[in-house]
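Secondary and tertiary structure notes
Single-letter residue listing:
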Amino acid sequence: MRLILIGPPGAGKGTQAALLVEKLGIPQLSTGDMLRAAVAAKTPIGLKAKDVMERGELVADDIVIGIVADRIDNTDCQQGFILDGFPRTEGQTLALDAMLTQKNLVLDGVIQIKVDESDLLKRIEGRAAESADGPRDDDNAEAFKTRLAIYHKQTRPLIDFFGAKGLLFPVNGMASIEEVHASINKILKNEVLKRN
Ligand code: AMP
């Protein structure tokens, strides 16, 4: 099964993707995690991405598309994958579409995690305080506001694109982690799998 999790920063995409990994036995492809690993390892991509990420801006499409293209060729992606944080722009969406078409694969669904945005800043502050390895470099109010503004400008429009294709499944992301997970499972069982 090939899924996308989409929603504003701090909506809980990473948390839900990790739960789906356990449930479905397919990998989570988080471009944020992959980029953070590149930054930590000081690879050429990491060196390019570091400042952009700290400001909460988007890393260039060609870099992110290249990372995903390499990753989905791995054998562990043969049964599917959960994209978390990708695509975030129209260019990335078109590139993903082209990659899948070329491999004769289809996207099964896009889970939209809907949240009350006035609550998101509080969540981000909580996440920065709770994180075991210390806060992420972009977990501060300033970077968060940039990330939210970019989400609205560049990523939010993709929701209409996936909606028009009949691939969009919204869930209420304000519920508890377990409840959101249960809603996603229900969608997968009752809507996504039934279509295949
Ligand atoms: P995330 O962990 O998904 O919130 O991503 C953290 C940061 O990594 C983002 O604020 C961007 O700077 C960068 N990033 C992650 N995914 C993408 C993407 N698909 N396109 C561009 N930049 C990305």
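Details of the structure are given in the entry above.
The structure contained in this document is the topic of the report that follows.

**Structural notes on the layout of surface pockets**
Where empty space is left in the structure can be found by rolling a water-sized probe over the atoms. Taken as a whole, the second largest pocket holds about 200 Å³ of empty space. Forming the boundary of the second largest pocket are Arg 36, Val 39, Ala 40, Lys 50, Met 53, Glu 54, Arg 136, Asp 137 and Asp 138. Those elements giving two or more residues to the lining of the second largest pocket turn out to be helix H2 (31–40) and helix H3 (44–55).

**A closer look at the sheet that holds strand E5 (residues 168–172)**
Read from one edge of the open sheet, 5 strands run E2-E3-E1-E4-E5, paired in parallel fashion. The open sheet has two edge strands with one neighbour each: strand E2 (28–30) and E5. Ignoring strand direction, the axes of neighbouring strands in this sheet form an average angle of 25 degrees. The strands that helix H1 (residues 13–24) touches are strand E1 (2–6), E2, strand E3 (81–84) and strand E4 (109–114); relative to E1, the one it contacts most, it runs at about 160 degrees. Here helix H8 (residues 177–195) sits on the sheet in contact with E1, E4 and E5, set at roughly 160 degrees to E5.

**Considering the site of the ligand**
In the vicinity of the ligand there are 16 residues, among which Thr 31, Glu 57, Gly 85, Gln 92 and Arg 147 approach most closely. Between Gln 92 and the ligand, the recorded distance is 2.8 Å, taken from a side-chain N or O atom to a nitrogen atom. Between the ligand and the protein, one listed contact pairs an oxygen atom with a side-chain N or O atom of Arg 147 at 2.8 Å. Considered on its own, the ligand offers 480 Å² of accessible surface; in the complex 96% of this is hidden by protein. Among the residues forming the shell around the ligand, the class breakdown is 6 nonpolar, 4 polar and 6 charged.

**Considering helix H7 (residues 141–164)**
Across its 24 residues, H7 extends 34 Å between first and last C-alpha, which sits within 8% of the 34 Å expected from 1.5 Å per residue. Along its length, H7 shows its largest kink, about 45 degrees, at His 152. Phi turns positive, to about 75 degrees, at Gly 166, one or two residues after H7.

**Side note on the packing of H2 against helix H4 (residues 61–72)**
Running from amino to carboxyl end, H2 crosses H4 at an angle of 100 degrees, the nearest separation of the two axes being 11 Å. In terms of their interaxial angle, H2 and H4 are classed as roughly perpendicular. Residues Thr 31, Met 34 and Leu 35 of H2 pack against Ile 63, Val 64, Ile 67, Val 68 and Arg 71 of H4. Of the residues that constitute the contact of H2 with H4, the class distribution is 6 nonpolar, 1 polar and 1 charged.

**Looking at the side chain of Arg 2**
Counting through the fold element by element, Arg 2 comes out in strand E1. Buried and unpaired, Arg 2 has no salt bridge, with Asp 108 as the nearest side chain of opposite charge at 4.3 Å. Within the local environment of Arg 2, its side chain forms a polar contact with the backbone oxygen of Val 106, the two atoms lying 2.7 Å apart.

**Quick notes on the pairing of E4**
Within E4, 5 of the 6 residues are buried, which leaves it mostly tucked inside the rest of the structure. Both E1 and E4 contribute to a ladder of 4 bridges, which runs parallel. Among the inter-strand pairings, Ile 4 is bridged to a residue of E4, identified as Val 110.

**Looking at unusual backbone geometry**
Cis geometry is found at the peptide bond from Phe 86 to Pro 87, where omega equals 0 degrees. Among the secondary structure elements, Pro 87 is positioned in the loop between E3 and helix H5 (90–102). The phi angle at Lys 42 is positive, at roughly 55 degrees, despite the residue not being glycine. Relative to the assigned elements, Lys 42 resides in the loop between H2 and H3. Within the chain, Asn 104 stands out as a residue other than glycine whose phi angle is a positive 65 degrees. For Asn 104, a relative accessible area of 71% corresponds to the exposed category.

**Observations concerning the pattern of salt bridges**
Overall, the coordinates contain 6 salt bridges when judged by the stated rule. Where Arg 36 meets Asp 33, a salt bridge forms, and the shortest distance between an N and an O atom there is 2.8 Å. With Arg 36 and Asp 33 both in helix H2, this residue pair falls 3 residues apart, about one helical turn. A salt bridge links Lys 103 to Asp 73, with the shortest nitrogen-to-oxygen separation between them at 2.5 Å. With Lys 103 in the loop between H5 and E4 and Asp 73 in the loop between H4 and E3, this pair connects stretches of sequence that are 30 residues apart. What makes Asp 73 exposed here is its relative accessible area of 53%.

Cut-offs and rules
Residues numbered from 1 in each chain as written. Predicted model: local features only at pLDDT ≥ 70, side-chain atom pairs only at ≥ 80, totals over all residues. Heavy atoms only, no water. 1 Å grid on protein atoms, 1.4 Å probe; cavity = no way out; pocket = protein on both sides within 12 Å on 5 of 7 lines; lining within 4 Å. Points joined across faces, edges and corners; volume = space filled by probe spheres on them. Helix = DSSP H or I, 4+ residues; strand = E, 2+ residues; numbered from the N terminus. Pairing = 2+ DSSP bridges. Axes fitted to C-alpha atoms, helices over the stretch in contact; angles between N-to-C directions. Contact = heavy atoms within 4.5 Å. Near = heavy atom within 4 Å. Polar contact = N/O pair within 3.5 Å; in protein donor to acceptor, adjacent residues only side chain to side chain. Areas by Shrake-Rupley, 256 points an atom, 1.4 Å probe, with all protein chains shown as cover. Nonpolar A, V, L, I, M, F, W, Y, C, P; charged D, E, K, R; others polar. Expected span 1.5 Å × (residues − 1). Bend = angle between axes of the 7 residues up to and from the residue. Parallel < 35°, antiparallel > 145°, perpendicular 65-115°, else oblique. Buried < 20%, exposed > 50% of the residue type's maximum accessible area, 1.4 Å probe, protein only. Lys, Arg positive; Asp, Glu negative; His and termini not counted. Salt bridge = Lys/Arg side-chain N within 4 Å of Asp/Glu carboxyl O.

It is worth stressing that arrangement in space is one thing and function is another; only the former is reported here.
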